[in-house]
Amino acid sequence: MSGPATHVRGKKTLARSILGFVDKGLVNAVLVIVAIFWLVPTLGLFLSSLRTVGDSASSGWWTVFTTPAQLTIENYASLLSNPTITGSFWNTILIAVPTTVFVVIFGALAGYAFAWLKFPGRDWLLIVVIVLLAVPLQVALIPLARMFGTLGIFGSIFGVILFHVAFGLPFAIFLLRNFFTQIPAELLEAARIDGASDWRIFVQVILPLGGPAIASLAIFQFLWTWNDMLVALIFTNSGSQPLTVAIQSQLRQFGSNIDVLSAGAFLSMIVPLIVFFAFQRFFVQALLAGSQK
Amino acid sequence: MTQLVAPVANSPAGGDKRRPPHGSSRRRMFMIALGFLAPALVFLGALVLYPIVYTVVRSFFSAGGGEFVGWDNYVTMFTNDSTFTAIRNNVLWVLVAPAACTILGLIFAVLLEKIKWATAFKLIIFMPMAISMLAAGVIFRGMFQENPNLGVVNAALVTVNSAFGQDAAYPGAAGRDGLGLVQDRGVIASESTVESGSEQNFPLVGIRVDSVPAAAAQAEPAVNARAGQLVGTVWLDVVRGGGGTSGQIDDGKTGLPGILVDAVAADGTIAASATTDAAGRYVIDGLAEGAYRVALPAANFDEGYQGVSWLSSTFITGVIILSYIWIWAGFSMVMISSGLSAIDRSLQEAARMDGANEWNVFTRITAPLLSPVLIVVFVTLIINVLKIFDLVYVIPPGSAKPAANVIAVEMWTVSFGGGNNQGLGSALAILLLILVLPSMIINIRRFREERQQ
């Protein structure tokens, strides 16, 4: 509130700056409370995951503040020696990484075509992509379950990857096209005068310059696939299921196995949280560019 | 490409600035574009567009797909209880969640401009976006557990409630058997009536040691009753560590303070009451001559306030929407905050100089300038909310699942989760598609407008 205070004339200034001071204190207080409210859920899950089944069944996680002795990494130890969980952790990686790679490659190729190549029907095709952005993936569940069944890839990691790549592409194309159009035309023309083919322009000009955009997309797509439950719930079996599906199957006996649940849920959050805190700028950029352009 | 190209300097908008191609080179360019587009087109065609068509057709066929049933699945959708609940809940979601997230995000974005730790605040609010809805579901299911010893929300409510309410509750108490006490619907009373001017004691058992307040002292026998009085002691008839005689006020037995004692007249009305002191003694004064029953009302022995059954049918959708807001308010805040930083501040400054107050600056200048961003956020959230699945699948316990149902969950249940009716499932998927159509149209219009600028 220093803004108005410095701009008003005369006698109002003092009154306004006092008001501004109170106002600022109030805003800070409100936002501190909001921040605490937003942190408590995650904190609660984390602390629950560090308590034994017995403790979790008889008292709440907040009792660790008075009796910190109950903290233990037992749950994580037993989780990491549980082959279902470790197997599904690997499956999650085996699904999320290839999906991200394919979405980025195919999205970048198409994004370049939409941004810099002229071909008949381009605008209409782009509108189709924009329409597909909002298509709920529910419309593909039944036919693809059938199709994958016929192809013999129902229940395999490969099928899940295909599904995610298809539904990740509209956003990828849209996002990268928007970024690529902002690359200065002179750079492309200069390369073209030097006799570079479209392929070389793509590899040597677009990809390096589009690095931040591609990073944004990759992070977004990775988190999206990592966190998916619905597609995996239908298209994987007990051998190919990712963490989300493995953990949700524990939900039926909630309370009796809060130890597996809370530690498992937190385990599934660790990778996304690391990615988020390390690259949050890119993540935000993907959201901004994806929906504003 | 080997063509000669006229150098195009300072071409403003990129993209379309290629020389007009002729004849064979035109076909060549088409082939090149096709080469770049091919992988994406194959994926989108085979795994998105074809399935849409398939699902549309499938929605007109029976559960097993064998016979054409026309609009039957769509009729079922709106007449079947479980699907209709799902549709109704989706409407509730769309009405509440996007608006709540957008408004909250707007408030956060405006307020955080005034603090020095804005980056930290943004990170905290935005962080839930990174985690899976499954994890968020596990978190909220734990937080809203009914038992106030386990669920943090009810724990907080019970704490607040007992800080303001009377806190002498002795759940589980019962009169010592064979000592002239009866218990009926929570009330502990003297078996027979007592003349005023006499004594009625209440040796109780069954009380947890931790519900006896710290203020409780060694139980003391009541002072002799005068005329018009009823006196007595209420105590915990147990000596810690064992020993003592049932019904006797021995050393080591604690009085139970704060218990309400009623003198009930013959016609059932309460003639007078008193509360026990630290030693468990009570004195009911001012009674007319006569016989009374002495009763300890049930309120003394209630479990007390135990919070709200959040995960019951009544509140479940509210709780799930709350968890959604916890996740998505950050998205709306980040979007709006970046929109705010792009606004030209001189307009606001000018308005302030002219004496406009903060509220008017916000409603007349900031909000209108923000409206494009607000629309983007709102539309994105609507598309997202319509498809909500994970949270509704994870949070409600079995008993509340029917009440929490939404279209995406119902679609999963009828097609894959045991319903085995892919005809109805397809119709539900198409309903979702129809519901996002308005948002698609808004997206296309926005895109076209931006191109024309």
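Residues numbered from 1 in each chain as written. Chains lettered and ligands numbered in written order. Predicted model: local features only at pLDDT ≥ 70, side-chain atom pairs only at ≥ 80, totals over all residues. Heavy atoms only, no water.

Caption draft 1: Local environment of the domain arrangement of chain B. If you check the domain split of chain B, you get domain 1 (87–155 + 309–410) and domain 2 (174–300). Taking only C-alpha atoms into account, the centre of domain 1 of chain B sits 54 Å from that of domain 2 of chain B. (Domains from an automatic or database assignment.)

Caption draft 2: Expanded view of the interface of chain A and chain B. Counting residues at the interface gives 109 residues for chain A and 106 residues for chain B. Taken over both partners, the interface formed by chain A and chain B buries close to 9800 Å², and the fraction arising from carbon and sulfur atoms is 75%. Summed over the shared surface of chain A and chain B, the result is seven residue pairs in polar contact (both at pLDDT 80 or more). With 15 residues, the top contributor of residues to the side of chain A that touches chain B is helix 14 (residues 258–292) of chain A. By residue class, the composition of the side of chain A that touches chain B is 77 nonpolar, 19 polar and 13 charged. (Contact = heavy atoms within 4.5 Å. Buried area = accessible area lost by both parts, 1.4 Å probe. Polar contact = N/O pair within 3.5 Å; in protein donor to acceptor, adjacent residues only side chain to side chain. Helix = DSSP H or I, 4+ residues; strand = E, 2+ residues; numbered from the N terminus. Nonpolar A, V, L, I, M, F, W, Y, C, P; charged D, E, K, R; others polar.)

Caption draft 3: A look at the nonpolar core. Tyr 112, Phe 180 and Phe 235 of chain A together with Trp 93, Phe 121 and Tyr 324 of chain B are the most contacted members of the largest nonpolar core, which totals 206 residues. With 17 residues, the top contributor of residues to this core is helix 8 (residues 157–180) of chain A. Counting 27 residues, the second-largest nonpolar core is a separate cluster that includes Ala 173, Val 261, Ala 272 and Phe 301 of chain B. (Core = buried A, V, L, I, M, F, W, Y, C linked by side-chain atoms within 4.5 Å. Buried < 20%, exposed > 50% of the residue type's maximum accessible area, 1.4 Å probe, protein only.)

Caption draft 4: Highlighting the pairing of strand 8 (residues 260–264) of chain B. Residue and element names in this part refer to chain B. When you tally the buried positions in strand 8, you get four out of five residues, the bulk of the element. Both strand 8 and strand 9 (residues 270–275) contribute to a ladder of five bridges, which runs antiparallel. Paired with Leu 260 across the two strands is Thr 275, which belongs to strand 9. Following strand 8, the chain reverses through five residues before pairing antiparallel with strand 9; Gly 268 in that reversal takes a positive phi of roughly 90°. Examined bridge by bridge, strand 8 and strand 11 (residues 291–296) share three bridges and lie antiparallel to one another. Across the sheet, residue Asp 262 finds its bridge partner in strand 11, namely Ala 295. (Pairing = 2+ DSSP bridges.)

Caption draft 5: Up close: the domain arrangement of chain A. Residues and elements named next belong to chain A. Looking at the assigned domains, one finds that chain A contains domain 1 (2–75) and domain 2 (82–292). Taken together, the contact between domain 1 and domain 2 spans eight residues of the former and eight residues of the latter. Regarding the contact of domain 1 and domain 2, the summed buried area is about 740 Å², with carbon and sulfur atoms giving 82% of it. It is Leu 45, Val 53 and Asn 75 that lose the most area in domain 1 upon contact with domain 2, and together they represent 51% of the buried surface on that side. The tally of links between domain 1 and domain 2 comes to zero salt bridges. At the level of secondary structure, the elements contributing two or more residues to the side of domain 1 that touches domain 2 comprise helix 2 (12–49) and helix 3 (53–58). (Salt bridge = Lys/Arg side-chain N within 4 Å of Asp/Glu carboxyl O.)

Caption draft 6: Representation of the pattern of salt bridges in the model. Enumeration over the complete set of coordinates arrives at eight salt bridges over all chains. Close ionic contact of Arg 122 of chain A with Asp 123 of chain A constitutes a salt bridge, the shortest N to O distance being 3.9 Å. In this structure, Asp 250 of chain B engages Lys 253 of chain B in a salt bridge whose closest nitrogen and oxygen atoms are separated by 3.0 Å. Using a relative accessible area of 18% as the deciding quantity, one classes Asp 250 of chain B as buried. The buried category is assigned to Lys 253 of chain B, whose relative accessible area is 1%. Bridged by salt links that share partners, the residues Arg 176, Asp 237, Asp 250 and Lys 253 of chain B form one connected network.

Caption draft 7: Here's a closer look at the packing of aromatic side chains. The tally for this structure, following the rule as stated, stands at 40 aromatic pairs over all chains. The interplanar angle of 65° and the centroid separation of 6.3 Å between the aromatic rings of Phe 389 of chain B and Trp 412 of chain B together place this pair among those described as edge-to-face. One end of the pair, Phe 389 of chain B, is in the loop between helix 9 (358–386) and helix 10 (390–394); the other, Trp 412 of chain B, is in helix 12 (residues 407–415), with 23 residues separating them in the sequence. Members of the aromatic cluster, each reached through a chain of ring pairs, are Phe 148, Phe 154, Phe 163, Phe 167 and Phe 235 of chain A. Directly above the aromatic system of Trp 124 of chain A lies the positively charged group of Arg 448 of chain B, at a separation of 5.7 Å from the ring centroid. (Phe/Tyr/Trp six-rings, centres within 6.5 Å; stacked < 30°, edge-to-face > 60°. Lys NZ or Arg CZ within 6 Å of the ring centre and 35° of its normal.)

Caption draft 8: A look at the pairing of strand 2 (residues 181–184) of chain B. Residue and element names in this part refer to chain B. When strand 2 meets strand 3 (residues 187–190), the two strands line up antiparallel, connected through four bridges. Looking at strand 3, one finds that Leu 181 is bridged to Ser 190. Joining the antiparallel neighbours strand 2 and strand 3 is a turn of two residues, in which Arg 185 adopts a positive phi near 45°.

Caption draft 9: Broad picture of the environment of Leu 31 of chain A. As for its placement among the helices and strands, Leu 31 of chain A is situated in helix 2. Looking at Leu 31 of chain A, the relative accessible area reads 0%, which means it is buried. The contact partners of Leu 31 of chain A, leaving out residues within four places of it in the chain, are Leu 111, Leu 112, Ile 115, Trp 117 and Phe 121 of chain B.

Caption draft 10: Structural detail: empty space enclosed by the protein. This model, assessed by the stated rule, comprises two cavities of 30 Å³ or more. Taken as a whole, the largest cavity spans an internal volume of roughly 1200 Å³. Of all the secondary structure elements, the ones that give two or more residues to the lining of the largest cavity are helix 6 (122–133), helix 8, helix 11 (211–227), helix 12 (230–235) and helix 14 of chain A together with helix 7 (316–341), helix 9 and helix 13 (422–452) of chain B. In terms of residue class, the lining of the largest cavity is made up of 32 nonpolar, eleven polar and five charged. Its boundaries defined by the atoms lining it, the second largest cavity holds a volume of some 50 Å³. Along its surface, the second largest cavity is lined by Thr 92, Ile 95, Ala 96, Val 160, His 164, Thr 225, Trp 226, Asp 228, Ala 232 and Pro 242 of chain A. Mapped onto the lining of the second largest cavity, the elements with two or more residues apiece are helix 5 (83–116), helix 8 and helix 11 of chain A. The leading source of residues in the lining of the second largest cavity is helix 5 of chain A, at three residues. For the lining of the second largest cavity, the residue count by class is six nonpolar, three polar and one charged. (1 Å grid on protein atoms, 1.4 Å probe; cavity = no way out; pocket = protein on both sides within 12 Å on 5 of 7 lines; lining within 4 Å. Points joined across faces, edges and corners; volume = space filled by probe spheres on them.)

Caption draft 11: Quick look at the packing of helix 3 (residues 81–111) of chain B against helix 9 of chain B. Residues and elements named next belong to chain B. The N-to-C vectors of helix 3 and helix 9 enclose an angle of 140°; their axes lie 9 Å apart at closest approach. Classified by the interaxial angle, the pair formed by helix 3 and helix 9 is oblique. The two elements helix 3 and helix 9 cross, and the hand of that crossing is right-handed. Residue-level inspection shows Asn 90, Trp 93, Val 94, Ala 97, Pro 98, Ala 99, Cys 101, Thr 102, Leu 106 and Val 110 of helix 3 in contact with helix 9, the latter providing Phe 362, Leu 370, Leu 374, Val 377, Phe 378, Leu 381, Ile 382, Val 385 and Leu 386. In terms of residue class, the contact of helix 3 with helix 9 is made up of 17 nonpolar, two polar and no charged. (Axes fitted to C-alpha atoms, helices over the stretch in contact; angles between N-to-C directions. Parallel < 35°, antiparallel > 145°, perpendicular 65-115°, else oblique. Left-handed = near helix turned anticlockwise from the far one by under 90°.)

Caption draft 12: Broad picture of a nonpolar patch on the surface. All names here are of chain B. Taken together, the side chains of Phe 30, Met 31, Leu 34 and Leu 41 make up a nonpolar region of the molecular surface, amounting to roughly 320 Å² of accessible area. Within the secondary structure, Leu 41 sits in helix 1 (residues 23–58). Under the relative-accessibility criterion, Leu 41 is labelled partly exposed at 33%. (Patch = residues over 30% accessible without salt bridge, like charges linked within 9 Å, V, L, I, M, F, W, Y side chains within 5 Å. Areas by Shrake-Rupley, 256 points an atom, 1.4 Å probe, with all protein chains shown as cover.)

Caption draft 13: Focus on the packing of helix 5 (residues 133–143) of chain B against helix 7 of chain B. Residues and elements named next belong to chain B. Between helix 5 and helix 7, the shortest axis-to-axis distance is 10 Å and the interhelical angle comes to 130°. Overall, the two elements helix 5 and helix 7 adopt an arrangement that is oblique. Between helix 5 and helix 7 the crossing geometry is right-handed. Side by side, helix 5 and helix 7 meet where Met 133, Ala 136, Ile 139 and Phe 140 of the first sit next to Val 319, Leu 322, Ser 323, Tyr 324, Trp 326, Ile 327 and Trp 328 of the second. Residues of the contact of helix 5 with helix 7, tallied by class, amount to ten nonpolar, one polar and no charged.

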